[in-house]
Amino acid sequence: MSKKVAMAGMFTALAMIFSYVEVLIPISLGIPGIKLGLANLVVVVALYTMGAPMALAVSMIRILLVSVTFGNLAAMLYSLAGGLLSFGGMVLLKKIPKFSIVGVSVAGGILHNAGQLAVAMAVVENIHLLSYMPLLMISGTITGMLIGIVSAQVIPRIDKVLKS
């Protein structure tokens, strides 16, 4: 159990570092909210190597700490909505054998964007923001594929460490 707690701490720290690095990478495609989702790499790996409860803890602690350290209450609200919807969807889809790690990650990317868009529509009280959804689905698919591919390479290595 102590090995899992230590791994959860390292995953949380790594997710925080990835979140900070992502802030430093300027991606400006004219669409607000598009990011690589590097921290989601850690969440996907934690989900497959440590299980849903530990992965949820890593995700929520990362969101809270990053929001307090680098963001604000609004950033926390958007991140929590996207993170919880994404995580819930990934946990459900992981249980379906036909979904690969890449498929689960893609769904997570799309759902994260959907959660954040839902909060944005509620905050500004404008349903027309829904017009961003097709572009956000494309970006979620692309970034989700990249995160899933990398996760599929990392997970066997982490499993080896956890089992030793």
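We now turn to the structure provided with this report. (Residues numbered from 1 in each chain as written. Predicted model: local features only at pLDDT ≥ 70, side-chain atom pairs only at ≥ 80, totals over all residues. Heavy atoms only, no water.)

A few words on helix α3 (residues 52-70). The terminal C-alpha atoms of α3, which comprises 19 residues, lie 26 Å apart, in line with the 27 Å expected from a rise of 1.5 Å per residue. Taken together, the buried positions of α3 are occupied by M54, A55, V58, S59, M60, R62, I63, V66 and S67. Each element contacted by the buried residues of α3 is listed here: α1 (2-24), α2 (38-50) and α4 (73-94). (Helix = DSSP H or I, 4+ residues; strand = E, 2+ residues; numbered from the N terminus. Expected span 1.5 Å × (residues − 1). Buried < 20%, exposed > 50% of the residue type's maximum accessible area, 1.4 Å probe, protein only. Contact = heavy atoms within 4.5 Å.)

For the rest of this paragraph, the subject is the packing of aromatic side chains. In the structure shown here, the tally under the stated rule is one aromatic pair. The cationic tip of K94 hangs over the ring face of Y48; the distance from NZ or CZ to the ring centre is 5.1 Å. (Phe/Tyr/Trp six-rings, centres within 6.5 Å; stacked < 30°, edge-to-face > 60°. Lys NZ or Arg CZ within 6 Å of the ring centre and 35° of its normal.)

End to end, α4 covers 31 Å across 22 residues, agreeing with the expected 32 Å (1.5 Å per residue, within 8%). For α4, every residue scored as buried is listed here: M76, S79, G82, G83, S86, F87, G89, M90, V91 and L93. Close packing links the buried residues of α4 with α2, α3 and α5 (101-124). Where α4 begins, the side chain of N72 points an oxygen toward the backbone nitrogen of A74, at a separation of 3.0 Å. (Polar contact = N/O pair within 3.5 Å; in protein donor to acceptor, adjacent residues only side chain to side chain.)

With that out of the way, let us pick up the side chain of S67. Tracing the backbone shows S67 in helix α3. Discounting residues that sit within four places of it in the chain, S67 has contacts with N72, A75 and M76.

On the surface, a nonpolar cluster with roughly 290 Å² of combined accessible area is contributed by L14, I17, V21 and I25. With respect to the secondary-structure elements, V21 resides in helix α1. (Patch = residues over 30% accessible without salt bridge, like charges linked within 9 Å, V, L, I, M, F, W, Y side chains within 5 Å. Areas by Shrake-Rupley, 256 points an atom, 1.4 Å probe, with all protein chains shown as cover. Salt bridge = Lys/Arg side-chain N within 4 Å of Asp/Glu carboxyl O.)

Core analysis: the biggest nonpolar cluster contains 27 residues, and F11 and M50 have the highest contact counts within it. Looking at this core, the elements that each hand over two or more residues are α1, α2, α3, α4, α5 and α6 (133-163). Top contributing element to this core by residue count: α2, with nine residues. Within the second largest apolar cluster, seven residues are counted, among which are I34, A120, M121 and L136. (Core = buried A, V, L, I, M, F, W, Y, C linked by side-chain atoms within 4.5 Å.)

On to the environment of I158, then. Looking at the secondary structure, you find I158 in helix α6. For I158, a relative accessible area of 17% gives the class buried. Sequence separation of I158 and F87 is 71 residues, and the distance between their C-alpha atoms is 20 Å. Apart from residues lying up to four places away in sequence, I158 is in contact with M7, F11, V45 and T49.

Take it as geometry only, folks, not as evidence of what the structure does.
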